[in-house]
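Fold and geometry: a report
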Amino acid sequence: MAEAAVLSGAASPARRLTLTAAVALLACAAYMTIGLRGDLALGLELRGLRLGAMICVGVAVAVSTVVFQTLTANRIVTPSIMGLDALYIFCQTALVFALTGLGFAGIDPRLQFFGNFFVMTGLALALFLPLLGRRLDLGLLLLTGVVLGLLFRSLSVLLARLFDPNDFAVLQGAVFASFSRTRPDLLLIAWLITAAGTVVAWRMRHVLDVVALGEEAAVGLGVSWRSVVAGLLALVAALVAAATALVGPMAFLGLLVASITDRVAGTGRHAVLLPAAALVAVVVLVGGQTVLQHGLGGEGTLAIVVEFIGGIIFLVMLFAGVRR
Amino acid sequence: MIDISDVSLTLGGSVILDQISLTLPKGGVTALVGPNGAGKSSLLSLIARLRPLQTGRITVDGHPIDTTPTRQLAKVMAILRQDPGVASRLRVAELVGFGRFPHSGGRLTAEDRRIVAETLERFDLTGLASRFIDTLSGGQRQRALVAMTFCQGTGTVLLDEPLNNLDMFHARELMRMLRKIADEHGKTVLVVLHDINHAAAHADRIVAMKDGRIAAAGDTASIIRPDLLEMVFGFPMQVETIAGRLTVLHHA
């Protein structure tokens, strides 16, 4: 069993990566081909689009979560703790409230994508940059994110109470992550952002290794802590914003992927962690979608399953006291 | 050589360091001693630019620590702080290899690998090279961290209470290692110590701090004196020469 070998802890990182890549490829192949009927070209095109969206979101979430966990030296926080998901939901709620469900449905998707992307990146940067002026305290930063998240969530609930029930249904459709309403032009943009972010993260893999040693050790080894941390946080914000703007919030996907990657990679080196996390994310999303679609006959509820499993893992890690 | 002039540090309104001026010559082991809260670790943090300099001036081998790029400083001095909770999923060889980061940016060259292998050998870590850090004992871990600091290849090495959590055997081993680093490689070692007898046995010079000031500084023999130690630590203690070594009887 490939997976058993991966989990047994005996294989070298390169071997583990190859195996994970093989499983990811297998998942993609299965997703593209199983049960393909009728117009082959159209079927492949539709599936290809969704596959592209899943890989894009998977890579963006995986890379951003690994970088974020390295920065915070914490294994149970994910970027969504910065309040980004809550802000996304609040933006959609406010839009539906202001324009009603019908008006909301009529917004140009490109406009909506960019609006969401820039509002989320903007919030993240507005949160970080003032803190960077003083000594950066990540604990304070996270707490601010949590409080802001709570604020946005409460505001969303308040607005939702004032809705027409029909508008509420529209909103529910918008705030649950979905891969089935992806548009090719938006996918291309999200891909460009994700690819650029991933390249930057990859080029900084050695710096990330040193950053993982903590601030004092990293500074001692010559890392300009403040500028590096600011750059990496901006990178995380852009990746999360791109993924969320493309398909909607997936709060626990990052946690699920990161905790599996921890076991699969078997090392703290980012040269292995980053690709391993990206591949694991593809396996989780594409593999999960394939199983759901063909094994269980369901459609389009992958996000809920990922959130369910991710949430359970979060609780288990919390109770098991995994803090690093 | 470390040159400190007129350095003060104020945190939250309270004075931690008060007008410190001190010059440490190149080479040799200098022990920084003093009671808790004397400002030893704060001074070390300032020298190692882990804390921003508020007033005064510090240079290490002629490099002003507040204006020299941090990467360049990392080739001049290395710092080991008290228990940096190192990420667990790393092997000893990888950790020691991080010491080469200032030189190679993480992509180890053949030269780097040679230095890492040599350092592992020197610190008796070759047999542990492929072990994960979290499987090591406290003493082995500390040795790996000191090896990483040494691997940085800097002329100046700063250590903040490296003997914490080490038993007698490992504490002695570490101090002898520092002695060797200074003697064989001409490195300047500045180490914060709590056990005055380790300072007496292994240091060339002692700098004693009290209440954010330098209380005394000089050759080991000139500092290990009952009146001076009582002034610094606040209680009388006997100093005897036992088997040719200055020994402070502060336990009873």
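Figured I'd write up the structure that's included with this text. All figures in this text were calculated on a predicted structure; none of them were measured in a lab. (Residues numbered from 1 in each chain as written. Chains lettered and ligands numbered in written order. Predicted model: local features only at pLDDT ≥ 70, side-chain atom pairs only at ≥ 80, totals over all residues. Heavy atoms only, no water.)

Bringing a nonpolar patch on the surface into the picture now. All names here are of chain A. Where nonpolar side chains cluster on the molecular surface, the patch consists of F97, L151, L155, L158 and L162 and spans about 450 Å² of accessible area. It is helix α6 (residues 138-161) that contributes the most residues to the nonpolar patch, three residues altogether. Relative to the assigned elements, L158 resides in helix α6. (Patch = residues over 30% accessible without salt bridge, like charges linked within 9 Å, V, L, I, M, F, W, Y side chains within 5 Å. Areas by Shrake-Rupley, 256 points an atom, 1.4 Å probe, with all protein chains shown as cover. Salt bridge = Lys/Arg side-chain N within 4 Å of Asp/Glu carboxyl O. Helix = DSSP H or I, 4+ residues; strand = E, 2+ residues; numbered from the N terminus.)

Moving on, we come to the sheet that holds strand β3 (residues 28-33) of chain B. All names here are of chain B. Taken together, six strands build an open sheet; the order of strands is β6-β7-β8-β3-β9-β10 and the sheet is mixed. Since the sheet does not close on itself, it has two edges, and those belong to β6 (77-80) and β10 (213-219), each with one partner. Recorded for the sheet is a direction-independent mean angle of 15° between the axes of neighbouring strands. The strands touched by helix α10 (residues 226-233) within the sheet are β3, β9 (205-210) and β10, with β9 carrying the most contacts at an inclination of about 40°. (Pairing = 2+ DSSP bridges. Axes fitted to C-alpha atoms, helices over the stretch in contact; angles between N-to-C directions. Contact = heavy atoms within 4.5 Å.)

Here the focus is the packing of aromatic side chains. The tally for this structure, following the rule as stated, stands at five aromatic pairs over all chains. Measuring from centroid to centroid gives 5.5 Å for F113(A) and F114(A), while their planes differ by 90°, and the two rings are edge-to-face. Of the aromatic side chains, those joined through ring pairs into one cluster are F113(A), F114(A), F117(A) and F118(A). Just above the ring of W202(A) sits the side chain of R205(A); from NZ or CZ to the centre is 4.2 Å. For R91(B), the ring lying beneath its charged end belongs to F132(B), and the centroid distance is 4.2 Å. (Phe/Tyr/Trp six-rings, centres within 6.5 Å; stacked < 30°, edge-to-face > 60°. Lys NZ or Arg CZ within 6 Å of the ring centre and 35° of its normal.)

This paragraph deals with the pairing of strand β1 (residues 2-11) of chain B. Residue and element names in this part refer to chain B. The pairing of β1 with strand β2 (residues 14-24) spans seven bridges and is antiparallel. In the strand pairing of β2, T10 is matched with V15. The hairpin formed by β1 and β2 contains two residues between the paired strands, and G12 there has a positive phi angle of roughly 55°. Bridge count for β1 against strand β4 (residues 55-60) is five bridges, and the pairing is antiparallel. Looking at β4, one finds that S8 is bridged to T55.

Quick look at the pattern of salt bridges now. Applying the stated criterion across every chain, the model contains 16 salt bridges over all chains. Its salt-bridge partner being R110(A), residue D108(A) comes within 3.7 Å of it at the nearest N-O pair. Taking the relative accessible area as the measure of exposure, R110(A) reaches 40% and is therefore partly exposed. Ionic pairing is found between R179(B) and D204(B), a salt bridge with its closest N-O pair at 3.0 Å. Taken together, the residues span a long stretch of sequence, with R179(B) in helix α7 (residues 168-185) and D204(B) in the loop between α8 (196-202) and β9 at a distance of 25 residues. Exposure remark for D204(B): the relative accessible area of 30% places this residue in the partly exposed category. (Buried < 20%, exposed > 50% of the residue type's maximum accessible area, 1.4 Å probe, protein only.)

All names here are of chain B. Two strands pair when backbone bridges link them, and strand β11 (residues 238-242) and strand β12 (residues 245-249) are joined in this way by five bridges, in the antiparallel orientation. Within the sheet, the bridge partner assigned to T241 lies in β12 and is L246. Where β11 folds back on β12, the antiparallel hairpin that results is connected by two residues, among which A243 adopts a positive phi of roughly 50°.

Let's shift gears to unusual backbone geometry. Residues and elements named next belong to chain B. The phi torsion at D6 lies on the positive side, around 55°, for a residue other than glycine. Along the polypeptide, D6 turns up in strand β1. Exposure remark for D6: the relative accessible area of 42% places this residue in the partly exposed category. Positive phi, close to 50°, is recorded for A243, a residue that is not glycine. Tracing the sequence through the fold places A243 in the loop between β11 and β12. Residue A243 is classed as exposed on the basis of its relative accessible area, which comes to 81%.

All names here are of chain B. On the surface, R172, R176, K180 and R245 cluster together into a positively charged patch. Sort the elements by how many residues they give to the positive patch and α7 lands first, with three residues. You can see R176 is positioned in helix α7. (Lys, Arg positive; Asp, Glu negative; His and termini not counted. Charge placed at Lys NZ, Arg CZ, Asp CG, Glu CD.)

Our focus in this paragraph is α10(B). Because each turn of an α-helix spans 3.6 residues, side chains separated by three or four positions end up pointing in the same direction. Residue and element names in this part refer to chain B. Within α10, burial applies to L228, L229 and V232. Looking straight down α10, one finds its buried side chains confined to an arc of 95°; they lie on one side. Just downstream of α10, G234 is the residue with a positive phi angle, here 85°. (Arc of directions from axis to C-beta.)

Under the criterion given, the structure shown has four cavities of 30 Å³ or more. Reported here for the largest cavity is a volume of approximately 140 Å³. Lining the largest cavity are 17 residues, with V61(A), D85(A), V240(A), T244(A) and M250(A) positioned closest to its centre. When contributions to the lining of the largest cavity are tallied by element, the ones reaching two or more residues are α3 (40-72) and α11 (225-247) of chain A. For the second largest cavity, the calculated volume is near 90 Å³. Forming the boundary of the second largest cavity are twelve residues, of which A217(A), I79(B), L80(B), M148(B) and T149(B) lie nearest the centre. Going through the elements one at a time, α10 (215-220) of chain A together with β6 and α6 (138-151) of chain B are the ones with two or more residues in the lining of the second largest cavity. Here the element with the most residues in the lining of the second largest cavity is α10(A); it accounts for three residues. (1 Å grid on protein atoms, 1.4 Å probe; cavity = no way out; pocket = protein on both sides within 12 Å on 5 of 7 lines; lining within 4 Å. Points joined across faces, edges and corners; volume = space filled by probe spheres on them.)

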